[in-house]
Amino acid sequence: MPMAVQAGLWGLLSGSALVLGALIAYFVHLPQRLIAAVMAFGSGVLISALSFDLMDEAYRTGGILATSAGFLAGAAVYTGANMIVSRRGAKHRKRSGHAPDAKQASDEGSGVAIALGALLDGIPESIVIGVSLLTGQGVGIVAVAAVFLSNLPEGLSSAAGMRKAGRSPAYIFGIWGGIALASGVAALVGNVAFAGTSPALISAVTAVAAGAILAMLTDTMIPEAFETAHDFAGLITVAGFLAAFTLSRIAGG
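Residues numbered from 1 in each chain as written. Predicted model: local features only at pLDDT ≥ 70, side-chain atom pairs only at ≥ 80, totals over all residues. Heavy atoms only, no water.

## Points about the overall build of the protein
Now for step 1: The number of helices and strands found in the protein is 8 helices and 0 strands.
Now for step 2: Along its sequence from the N terminus, the protein presents helices and strands in the succession α-α-α-α-α-α-α-α.
Now for step 3: Burial analysis of the protein (253 residues in total) assigns 48% to the buried set.
Now for step 4: Counted over contacts in the protein with a minimum sequence separation of 6, partners at least 24 positions apart contribute 87%.
Now for step 5: For the protein, the computed accessible surface area is about 11000 Å², with 71% contributed by carbon and sulfur atoms. (Helix = DSSP H or I, 4+ residues; strand = E, 2+ residues; numbered from the N terminus. Buried < 20%, exposed > 50% of the residue type's maximum accessible area, 1.4 Å probe, protein only. Contact = heavy atoms within 4.5 Å. Areas by Shrake-Rupley, 256 points an atom, 1.4 Å probe, with all protein chains shown as cover.)

## Quick word on the UniProt feature "transmembrane region" (unreviewed entry) in the protein
Now for step 1: On the UniProt side, "transmembrane region" (unreviewed entry) is annotated at positions that read residues 7-28, 34-52, 64-85, 127-149, 170-194, 200-220 and 232-251 here.
Now for step 2: In the segment residues 7-28, helix accounts for 95% and strand for 0%; the C-alpha atoms at its two ends are 32 Å apart.
Now for step 3: Between the first and last C-alpha atoms of residues 34-52 the distance is 27 Å; the span itself is 100% helix and 0% strand. (UniProt positions renumbered as here; feature names shortened; annotations may be inferred.)

## Notes on empty space enclosed by the protein
Now for step 1: Evaluation of the coordinates by the stated rule reveals 2 cavities of 30 Å³ or more.
Now for step 2: In this structure, the second largest cavity encloses a volume near 40 Å³.
Now for step 3: Looking at the second largest cavity, the residues that line it are Leu46, Ala49, Leu50, Leu54, Glu125, Val128, Ala143, Ala146, Val147 and Ile213.
Now for step 4: Taken together, the elements giving at least two residues each to the lining of the second largest cavity come down to helix H2 (32-90), helix H4 (111-132) and helix H5 (141-164).
Now for step 5: Of the residues forming the lining of the second largest cavity, the biggest block, 4 residues, is contributed by H2.
Now for step 6: Class assignment of the residues belonging to the lining of the second largest cavity gives a composition of 9 nonpolar, no polar and 1 charged. (1 Å grid on protein atoms, 1.4 Å probe; cavity = no way out; pocket = protein on both sides within 12 Å on 5 of 7 lines; lining within 4 Å. Points joined across faces, edges and corners; volume = space filled by probe spheres on them. Nonpolar A, V, L, I, M, F, W, Y, C, P; charged D, E, K, R; others polar.)

## Some points on the pattern of salt bridges
Now for step 1: Using the criterion set out here, one finds 2 salt bridges in the structure.
Now for step 2: With a closest N to O distance of 3.3 Å, Arg60 and Asp56 form a salt bridge. Of this pair, Arg60 and Asp56 are both found in helix H2, 4 residues apart, which corresponds to roughly one turn of the helix.
Now for step 3: Among the salt bridges present, the one from Glu57 reaches Arg60, with a minimum N-O distance of 2.6 Å. Of the two residues, Glu57 and Arg60 both sit in helix H2, 3 residues apart, roughly one turn of that helix.
Now for step 4: By relative accessible area, Arg60 is classed as exposed at 56%.
Now for step 5: Because the salt bridges share partners, they merge into one network encompassing Asp56, Glu57 and Arg60. (Salt bridge = Lys/Arg side-chain N within 4 Å of Asp/Glu carboxyl O.)

## Remarks on H5
Now for step 1: Between its terminal C-alpha atoms H5 stretches 35 Å, which fits the 34 Å expected from 24 residues at 1.5 Å a residue.
Now for step 2: Across the 24 residues of H5, 18 count as buried, placing the element largely inside the fold.
Now for step 3: The positive-phi residue at the C-terminal boundary of H5 is Gly166, with phi of around 90 degrees. (Expected span 1.5 Å × (residues − 1).)

## What about the side chain of Ser126?
Now for step 1: For Ser126, the location among the structural elements is in helix H4.
Now for step 2: What makes Ser126 buried here is its relative accessible area of 1%.
Now for step 3: Those residues within four positions of Ser126 in sequence are excluded, and the remaining contacts are Ser183, Ala186 and Ala187.

## Brief notes about the environment of Leu50
Now for step 1: One can find Leu50 in helix H2.
Now for step 2: The contacts of Leu50, once residues within four sequence positions are left out, are Met55, Ala210, Ile213, Leu214 and Leu217.

## Focus: a nonpolar patch on the surface
Now for step 1: Residues Met1, Val5, Leu9, Leu12 and Leu181 make up a contiguous nonpolar surface patch of roughly 470 Å² in combined accessible area.
Now for step 2: Along the chain, Leu9 falls in helix H1 (residues 3-27).
Now for step 3: Judged by its relative accessible area of 43%, Leu9 is partly exposed. (Patch = residues over 30% accessible without salt bridge, like charges linked within 9 Å, V, L, I, M, F, W, Y side chains within 5 Å.)

## Points about the packing of aromatic side chains
Now for step 1: What the rule picks out here adds up to 4 aromatic pairs.
Now for step 2: Summarising the aromatic geometry, the rings of Tyr26 and Phe173 are spaced 5.7 Å apart at their centres and angled 65 degrees between planes, so their arrangement reads as edge-to-face. A residue pair is termed long-range when its members are at least 10 positions apart, and Tyr26 in helix H1 and Phe173 in helix H6 (residues 169-193) qualify at 147 residues.
Now for step 3: Feature note: the residues Tyr26, Phe27 and Phe173 constitute an aromatic cluster, connected by ring pairs. (Phe/Tyr/Trp six-rings, centres within 6.5 Å; stacked < 30°, edge-to-face > 60°.)

## Some details on the packing of H1 against H6
Now for step 1: Where H1 meets H6, the closest approach of the two axes is 7 Å, and the angle between their N-to-C directions is 160 degrees. In terms of orientation, H1 lies roughly antiparallel with respect to H6. The hand of the H1/H6 crossing is right-handed.
Now for step 2: Here the contact of H1 with H6 is built from residues that sort into 20 nonpolar, 8 polar and no charged. (Axes fitted to C-alpha atoms, helices over the stretch in contact; angles between N-to-C directions. Parallel < 35°, antiparallel > 145°, perpendicular 65-115°, else oblique. Left-handed = near helix turned anticlockwise from the far one by under 90°.)

Okay, structure coming up:
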């Protein structure tokens, strides 16, 4: 199977968590604290992945200058784009609709903004999955698991909020199915676009994704998880970090 197709399938797998989360939220009533706990655990997994996989790999591949530049650029670009979609109604896209302003945003027709916000959260993650195959060591299982676990609560919380706002199943699953497909395409494009490029460029791209992911965590996932899980959010996040760290050490031999 061509490497680009493999990258697309891995990206699609990670993006499918959005659809899975939406299915669970639509047909099963889950406590908001459980959704927040999953979000906190996924945050810990992502922090571990970007620390010990993405940033470490970027540094070893391209050195500190390329890594630092990419890391800061990714955070800056994400922050600017997040400000735009947040002002258009996607500020609380990871909430389960328990806050009045979250429901108001859904009632005001912010579905497009929510979809754009989800793309903004997921595209850097998907690109780095595609780029990771270029090292010749296969896809980073920890990275895929981290992205999957971060997408699951987003599908859960946003779909729950949309359902409370009266959105139809076709609307909800159309959005998340489309974004899952876009995740696969992003991984494929990332693999094709950066094949044969210099190690410094791959390092910068990986670091850009890491910076964007960390900015996303601090802007959206962690605050939303803490608002509902409160005092347990930190402990659950640490558990997620430890789980991913342990998996990465085992997978790395």
